[in-house]
Amino acid sequence: MASSPTKILCDAGESDLCRDDAAAFLLKFVAIASILLAGVAGVAIPLIGKNRRFLQTEGNLFVAAKAFAAGVILATGFVHMLAGGTEALTNPCLPDYPWSKFPFPGFFAMVAALITLIVDFMGTQYYESKQQRNEVAGGGEAADVVEPGREETSSVVPVVVERGNDDSKVFGEEDGGGMHIVGIRAHAAHHRHSHSNGHGTCDGHAHGQSHGHVHVHGSHDVENGARHVVVSQILELGIVSHSIIIGLSLGVSQSPCTIRPLIAALSFHQFFEGFALGGCISQAQFKNKSAIIMACFFALTTPIGIGIGTAVASSFNSHSPGALVTEGILDSLSAGILVYMALVDLIAADFLSKRMSCNLRLQVVSYVMLFLGAGLMSALAIWA
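Residues numbered from 1 in each chain as written. Predicted model: local features only at pLDDT ≥ 70, side-chain atom pairs only at ≥ 80, totals over all residues. Heavy atoms only, no water.

## Topic: the packing of helix H3 (residues 60-89) against helix H8 (residues 256-284)
Where H3 contacts H8, the axes come no closer than 9 Å and their chain directions differ by 125°. On the basis of their axis angle, the class for H3 and H8 is oblique. Relative to H8, H3 is oriented so that their crossing is left-handed. Along the contact surface, H3 presents Phe 62, Ala 65, Lys 66, Phe 68, Ala 69, Val 72, Ile 73 and Thr 76, while H8 presents Phe 268, His 269, Phe 272, Glu 273, Phe 275, Ala 276, Gly 279 and Gln 283. (Axes fitted to C-alpha atoms, helices over the stretch in contact; angles between N-to-C directions. Helix = DSSP H or I, 4+ residues; strand = E, 2+ residues; numbered from the N terminus. Parallel < 35°, antiparallel > 145°, perpendicular 65-115°, else oblique. Left-handed = near helix turned anticlockwise from the far one by under 90°. Contact = heavy atoms within 4.5 Å.)

Shown next, in the form of structure tokens:
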């Protein structure tokens, strides 16, 4: 009895139509160099540029570039990772039960997004508490300052630090010695304060009208160092998890026809993911050693994945059930993390900010860059 074409494909793995082991091996070295350089350049620009006026994280150029990078990450989650997970988990090489009986890709993506929300919240709470304890232990005077009439509803605790001759700062500290409001509820508290006192305009500052009110800068949103720390770490987790997969996928391929378009697509993808991650690391104000470690970990992940894939290429069958299930689950989980991070911590954080609402030109440029990044990254799905 003759074997079916599907059975032959599942047993043989990659098609031999464009197989050339020697050419593929050379292209993998090109891919490693190109992707490594793109990743290093992308993550380094915000870290180095924070000391340069035109690339500071508070500048409009950085906001526009970050919007483009957010579009790239959003398209990576929806168009590349979720589609890849769906393709793997609906592959005919997998048994019908349970993989064809339930929409596992969307389910895994949803679970990953919800877990990311929990980690995001708990991480923020932890770093806020740690930051406040360090301030009190360091000799600062912490005071619970709330608006009159808001004592029962507001749980935001600003911290004010008396500065001496020490020039050191902690996350979110202002040049004048004050401490920005911290907490996930800070944004809502800021708006409640501004609207209730009639000083929430885009010009100048918003001040309370009586003692005990919070002093809020109108030029930008209330900054939160703890949030930036958590965002940068979760974003790196999401990026690294799928970088390993795409590196392995390229590494195990012996087809130059597959590898060539992947080099350009992954280099583009790596550069702008690195830019977004580098911006988050820069805003989190990590020490130089920690920032360098995070940047190197990101830049090296995909090349390492390519190297591992190359080493096991001769014995690896990408159509085996184990490989398909592993790839599909990891792709779906990565999709959920990236979509959450792109929408909540990158896009919403900037596009719903006071700074954006008060600058029409920045709004237009940022939206154009967001859609451009998402569109270009989606278009790359044609080739990779």
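## Focus: unusual backbone geometry
With an omega dihedral of 5°, the bond running from Tyr 97 to Pro 98 counts as a cis peptide bond. Although it is not a glycine, Gln 285 sits at a positive phi angle of roughly 60°. Within the secondary structure, Gln 285 is located in the loop between H8 and helix H9 (288-312). The partly exposed category is assigned to Gln 285, whose relative accessible area is 42%. (Buried < 20%, exposed > 50% of the residue type's maximum accessible area, 1.4 Å probe, protein only.)

## Describing helix H7 (residues 225-252)
For H7, which comprises 28 residues, the first-to-last C-alpha distance of 41 Å matches the rise-based estimate of 40 Å (1.5 Å per residue) to within 8%. Along H7, 22 of the 28 residues are buried, which leaves the element largely enclosed by surrounding structure. (Expected span 1.5 Å × (residues − 1).)

## Concerning the packing of aromatic side chains
Evaluated as defined, the whole model comprises 13 aromatic pairs. Between Trp 99 and Phe 104, the aromatic rings sit 5.0 Å apart at their centres with planes inclined by 55°, giving tilted as the arrangement. Summarising the aromatic geometry, the rings of Phe 102 and Phe 107 are spaced 5.5 Å apart at their centres and angled 75° between planes, so their arrangement reads as edge-to-face. (Phe/Tyr/Trp six-rings, centres within 6.5 Å; stacked < 30°, edge-to-face > 60°.)

## Examining the UniProt feature "transmembrane region" (unreviewed entry) in the protein
Here the UniProt-annotated "transmembrane region" (unreviewed entry) positions come out as residues 25-49, 61-82, 102-123, 291-313, 333-352 and 364-383. A distance of 34 Å separates the end C-alpha atoms of residues 291-313, which is 96% helix and 0% strand. (UniProt positions renumbered as here; feature names shortened; annotations may be inferred.)

## Considering the nonpolar core
In this structure, Ile 73, Leu 235, Ile 281, Phe 286 and Met 341 are the most contacted members of the largest nonpolar core, which totals 49 residues. Contributions of two or more residues to this core are made by helix H2 (21-49), H3, H7, H8, H9, helix H10 (321-351) and helix H12 (360-379). The residues touching Leu 235, leaving out its near neighbours within four places in the chain, are Ile 73, Ala 276, Leu 277, Cys 280 and Met 341. (Core = buried A, V, L, I, M, F, W, Y, C linked by side-chain atoms within 4.5 Å.)

## Examining H10
Its 31 residues place the ends of H10 42 Å apart at the C-alpha level, agreeing with the 45 Å of an ideal helix rising 1.5 Å per residue. Of all the bends found along H10, the most pronounced is centred on Ala 342 and spans about 30°. (Bend = angle between axes of the 7 residues up to and from the residue.)

## Focus on the environment of Ile 337
Mapped onto the fold, Ile 337 is located in helix H10. By relative accessible area, which is 12% here, Ile 337 ends up buried. Remark: the alpha-carbon pair of Ile 337 and Ser 241, spanning 96 residues in sequence, is separated by 9.5 Å. If sequence neighbours within four positions are ignored, Ile 337 has contacts with Ala 112, Thr 116, Ile 234 and Gly 238.

## Comments concerning the environment of Val 79
Its location among the elements puts Val 79 in helix H3. Taking the C-alpha atoms as reference, Val 79 lies 8.4 Å from Met 377; in sequence the two are 298 residues apart. With near-sequence residues (within four places) excluded, Val 79 lies in contact with Ser 378 and Ala 381.

## Remarks on the environment of Asn 317
Of note, Asn 317 is situated in the loop between H9 and H10. Given the relative accessible area of 18%, Asn 317 is considered buried. Separated by 307 residues in the primary sequence, Asn 317 and Cys 10 place their C-alpha atoms 8.1 Å from one another. At a separation of 3.0 Å, a polar atom in the side chain of Asn 317 contacts the main-chain amide nitrogen of His 319. (Polar contact = N/O pair within 3.5 Å; in protein donor to acceptor, adjacent residues only side chain to side chain.)

## Overview of the side chain of Asn 91
Topologically, Asn 91 is positioned in the loop between H3 and helix H4 (96-99). The contact partners of Asn 91, leaving out residues within four places of it in the chain, are His 319 and Leu 324.

## With respect to the pattern of salt bridges
In this structure the tally under the stated criterion is three salt bridges. With its nearest N and O atoms 3.7 Å apart, the salt bridge here joins Asp 350 to Lys 66. One end of the pair, Asp 350, is in helix H10; the other, Lys 66, is in helix H3, and 284 residues separate them in sequence. Judged by relative accessible area, Asp 350 falls into the buried class, the value being 18%. One salt bridge in this structure joins Asp 120 and Arg 227, with 2.6 Å as the shortest N-O distance. Of this pair, Asp 120 sits in helix H5 (residues 104-137) while Arg 227 sits in helix H7, and the two are 107 residues apart along the sequence. Residue Asp 120 is classed as buried on the basis of its relative accessible area, which comes to 3%. You can call Arg 227 buried: its relative accessible area is 16%. (Salt bridge = Lys/Arg side-chain N within 4 Å of Asp/Glu carboxyl O.)

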